[in-house]
Amino acid sequence: MTNRDQELRQKAKETIKRYERLVERDPYRLVYHLMPPVGLLNDPNGFIDWDGTYHLFYQWHPFEAAHGPKFWGHFVSGDLVFWEEKEPALTPSDWFDKNGCYSGSAVADNGKLKLFYTGNVKNENDERESYQCVAESEDGLTFTKKGVILHVPDGYTAHFRDPKVWKRDGIWYLVIGAQTKQIDGHVLLFRSDDLKEWQFAGIVTGSNVRSMGDFGYMWECPDLFHLDGEDVLLVSPQGLEKQGYLYHNVHNTGYFIGRLDYETGELVHGPFKELDRGFEFYAPQTTIDRYGRRILFGWMGVPDQGEEKHPTVKHQWIHAMTLPRELKLVDGKIYQRPVEELKQLRKNEVSRPSVKISEHPQRFEEISGEAFELLLDVEENQAEVFELTIRDNVRVIFNRGLKRLTLERVSFVDGLTESRHCELAELSSLHLYVDTSAVELFVNEGEEVFTARYFADPANRSIQFKTLHGSLTASLKKWALDSIM
Ligand code: FRU
């Protein structure tokens with residue numbers, strides 16, 4: 001441990017202590033989503049099921065509820081439900097990462113847990129430099145930095161970051177987000193026998209690569225994995241234009257399905273598909289777990305999207321992780337479902353079979369709350385429009401005529417109503433996880449997902465159901481949910 005490392009750790013501890021009460025007094029502190037103890041959290045990093053423990057690291061700036069030189073914060077869990085916060089894994093203490101230990105991934109190798117991350121450096125002329133680095137641990141708790149393993153290749157700018165490493169047939173592979181000197185976002189593939197020497201294998205895909213047209217100026221946080229017989233590239237391209245219902249956030253996340261040629265690095269793939277339809281979702285990362293499931297965590301935030309306006313900033317913290325979600329490929333589309341284990345959080349079940357919802361708005365005394373799970377299974381839908389309003393802030397609207405699902409909320413920037421949409425032929429179920437200031441909506445068993453933060457009046461616990469032009473019959477189930485820490 002260097003002096004600088006010790007200093008930063010000490011300062012982070014003091015910052016947690018100094019703001020502990022202010023943070024805890026925030027009515028928007030979440031109940032069952034992972035949050036930073038203080039400061040800013042962004043991308044999930046190094047997600048791995050290692051030696052019987054799930055490790056989830058995260059981009060963390062402890063000193064302000066704003067972006068700055070990132071640490072790697074560290075959560076661990078035995079079951080993906082209940083988590084414990086550990087000492088930070090990495091601090092920006094070395095010449096090669098002094099302005100941030102940026103995003104990356106973890107692998108198990110020879111009994112060690114190895115973290116691959118981007119060292120972000122601003123040099124004396126305030127220019128960006130990028131170094132791909134490794135750190136390792138024997139106990140999964142304390143990490144020793146081993147320095148730089150990869151430099152920016154010719155033809156690319158210093159926007160070169162977020163290595164994701166995996167092993168296949170005894171060979172290591174790494175994908176990384178990159179920007180060409182022509183300012184096109186790319187994903188590159190590298191190969192290694194020993195995790196130390198890396199050879200460039202090829203361009204996976206990118207903006208203006210092969211048959212892709214213009215598709216963004218930088219691609220962040222790539223993840224490439226095999227899912228149900230296909231190769232999937234998950235990535236967050238920056239600089240996409242809005243297109244119909246698509247790409248309404250400042251930065252967006254989606255995926256390509258195809259076949260990766262491990263020799264040339266080329267992914268032959270279909271169209272880009274948006275992964276989440278909501279307001280806050282970015283830079284997700286997956287791992288394969290002990291049961292062979294592909295599990296994803298996403299950041300419930302988007303860079304440069306009104307971050308300084310979040311009401312939690314005055315309580316000295318900002319942002320959270322999504323719930324862990326299991327991925328499946330169904331008819332060429334990724335379905336996301338909250339992992340089964342989350343059922344452990346349920347308490348006080350309320351069940352209302354075959355409720356007829358009509359044009360007269362309905363509220364049920366026992367179906368209300370601020371941190372709960374709600375399951376609505378549609379039995380019959382004759383309504384032109386169905387609306388579910390949560391805490392007079394968030395509204396889910398299914399318009400059967402337009403075949404459209406909408407999530408609306410009161411904007412925390414200007415108080416106006418804003419919305420996100422997707423096409424949806426039929427509504428069969430809504431599965432909602434509502435937390436004090438976050439909502440995750442899983443539609444039709446994960447066919448569509450909307451993730452958003454919302455900031456309702458803390459005293460408002462109401463849930464309202466209503467239709468327009470005809471009625472909808474559904475069975476309702478609701479549980480209060482316990483805290484995860
Ligand atoms: C994505 C990102 C990554 C980078 C990290 C820095 O949100 O910009 O590309 O590594 O955040 O915190």
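Residues numbered from 1 in each chain as written. Predicted model: local features only at pLDDT ≥ 70, side-chain atom pairs only at ≥ 80, totals over all residues.

Taken together, 14 residues are adjacent to the ligand, and Gln59, Tyr102, Ser103, Glu220 and Ala283 come closest. Taken together, the elements giving at least two residues each to the shell around the ligand come down to strand S1 (39-50), strand S5 (101-109), strand S9 (156-168), strand S13 (218-227) and strand S18 (282-288). Split into classes, the residues belonging to the shell around the ligand amount to five nonpolar, four polar and five charged. (Near = placed C-beta within 6 Å. Helix = DSSP H or I, 4+ residues; strand = E, 2+ residues; numbered from the N terminus. Nonpolar A, V, L, I, M, F, W, Y, C, P; charged D, E, K, R; others polar.)

Another aspect to go through is the domain arrangement of the protein chain. In terms of domains, the protein chain is made up of domain 1 (3-338) and domain 2 (342-481). Taking only C-alpha atoms into account, the centre of domain 1 sits 30 Å from that of domain 2. Among the elements that take part in the side of domain 1 that touches domain 2, strand S22 (residues 333-338) stands out by supplying four residues, more than any other. Taken together, the residues that form the side of domain 1 that touches domain 2 break down as 15 nonpolar, eight polar and six charged. (Domains from an automatic or database assignment.)

Sheets are built from strands paired through backbone hydrogen bonds, the pairs being either parallel or antiparallel. The strand order S9-S10-S11-S12 describes an open sheet built from four strands, whose pairing is antiparallel. Two strands bound the open sheet, and with one partner strand each, they are S9 and strand S12 (199-206). If you compare each strand with its neighbour and ignore which way they point, the axes differ by 25° on average. Relative to strand S11 (residues 185-192), strand S10 (residues 171-180) runs antiparallel, the two sharing eight bridges. Its bridge partner being in S11, Trp172 is matched across the sheet by Ser192. (Pairing = 2+ DSSP bridges. Axes fitted to C-alpha atoms, helices over the stretch in contact; angles between N-to-C directions.)

We now examine the pairing of S10. For a regular strand, the rule is simple: side chains alternate between the two faces of the sheet. Examined bridge by bridge, S9 and S10 share eight bridges and lie antiparallel to one another. The residue bridging Arg161 from the neighbouring strand is Gly177, located in S10. The hairpin turn running from S9 into S10, its antiparallel successor, is two residues long, and Asp169 in that turn takes a positive phi close to 50°. The antiparallel pairing of S10 with S11 creates a hairpin that spans four residues between the two strands, and Ile183 there sits at a positive phi of about 65°.

Quick look at helix H1 (residues 3-24) now. Its 22 residues place the ends of H1 31 Å apart at the C-alpha level, agreeing with the 32 Å of an ideal helix rising 1.5 Å per residue. Residue Arg18 marks the point of greatest curvature in H1, where the axis turns by about 45°. For H1, the full list of buried residues reads Leu8, Ala12 and Val23. The inward-facing, buried residues of H1 abut strand S3 (71-77), strand S4 (83-90) and strand S20 (317-318). (Expected span 1.5 Å × (residues − 1). Bend = angle between axes of the 7 residues up to and from the residue. Buried ≥ 20, exposed ≤ 12 C-beta atoms within 10 Å, placed from the backbone. Contact = placed C-beta atoms within 7 Å.)

Next up on the list: the sheet that holds strand S24 (residues 362-363). With antiparallel pairing, six strands are arranged side by side in an open sheet as S24-S33-S26-S27-S28-S29. Edge positions in the sheet fall to S24 and strand S29 (417-423), since each has one partner strand and no second. Examined bridge by bridge, strand S26 (residues 385-390) and strand S27 (residues 394-399) share six bridges and lie antiparallel to one another. From the neighbouring strand, Leu388 faces S27, where its bridge partner is Val396.

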